Amino acid sequence: MLIPKTVHTTFLFLNSHVPIRFYLCRDTVYEDELHDNGSSNLVVRIRVMPTCFFILARFTLRVDNVLFRIHDTRIYHSFLPIHH
């Protein structure tokens, strides 16, 4: 899998020692038992730093004896100006 350079740089920046101003970890935003045929849940994590914010939304779906899926949505925004 090819990862664009900007994505790789973003993950390196998130792993740096920038102080975290706000962190929210909602263990479960949404959950359903699927009428005893499996489960689905949505977990959201938000991290805000002085220079950017990062949101992770993870949806997990399990249908008994059929499938298991995890869908991640990541949103990153930098507050720093873009220099050309």
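The rules behind these values
Residues numbered from 1 in each chain as written. Predicted model: local features only at pLDDT ≥ 70, side-chain atom pairs only at ≥ 80, totals over all residues. Heavy atoms only, no water. Helix = DSSP H or I, 4+ residues; strand = E, 2+ residues; numbered from the N terminus. Buried < 20%, exposed > 50% of the residue type's maximum accessible area, 1.4 Å probe, protein only. Contact = heavy atoms within 4.5 Å. Areas by Shrake-Rupley, 256 points an atom, 1.4 Å probe, with all protein chains shown as cover. Pairing = 2+ DSSP bridges. Axes fitted to C-alpha atoms, helices over the stretch in contact; angles between N-to-C directions.

1. Examining the overall build of the protein chain
Moving on, step 1. For the protein chain, the helix and strand inventory stands at one helix and four strands.
Moving on, step 2. Reading the secondary structure of the protein chain in the N-to-C direction produces α-β-β-β-β.
Moving on, step 3. Across the 84 residues in the protein chain, those meeting the buried criterion constitute 14%.
Moving on, step 4. Sequence separation of at least 24 residues holds for 37% of the intrachain contacts in the protein chain that already meet a minimum separation of 6.
Moving on, step 5. Here the protein chain displays about 6900 Å² of accessible surface, and carbon together with sulfur accounts for 60% of that area.

2. Some details on the sheet that holds strand β4 (residues 67–78)
Moving on, step 1. Spatial strand order, β1-β2-β3-β4: four strands in an open sheet with antiparallel pairing. The two strands at the open ends of the sheet, each matched to only one other strand, are β1 (22–32) and β4. Shown here is a sheet whose adjacent strand axes are inclined to one another by a mean of 10°, direction ignored.
Moving on, step 2. Of the strand pairs in this sheet, strand β2 (residues 38–48) and strand β3 (residues 52–63) are connected by eleven bridges, and their pairing is antiparallel. Looking at the pairing, V48 lines up with F53 of β3.

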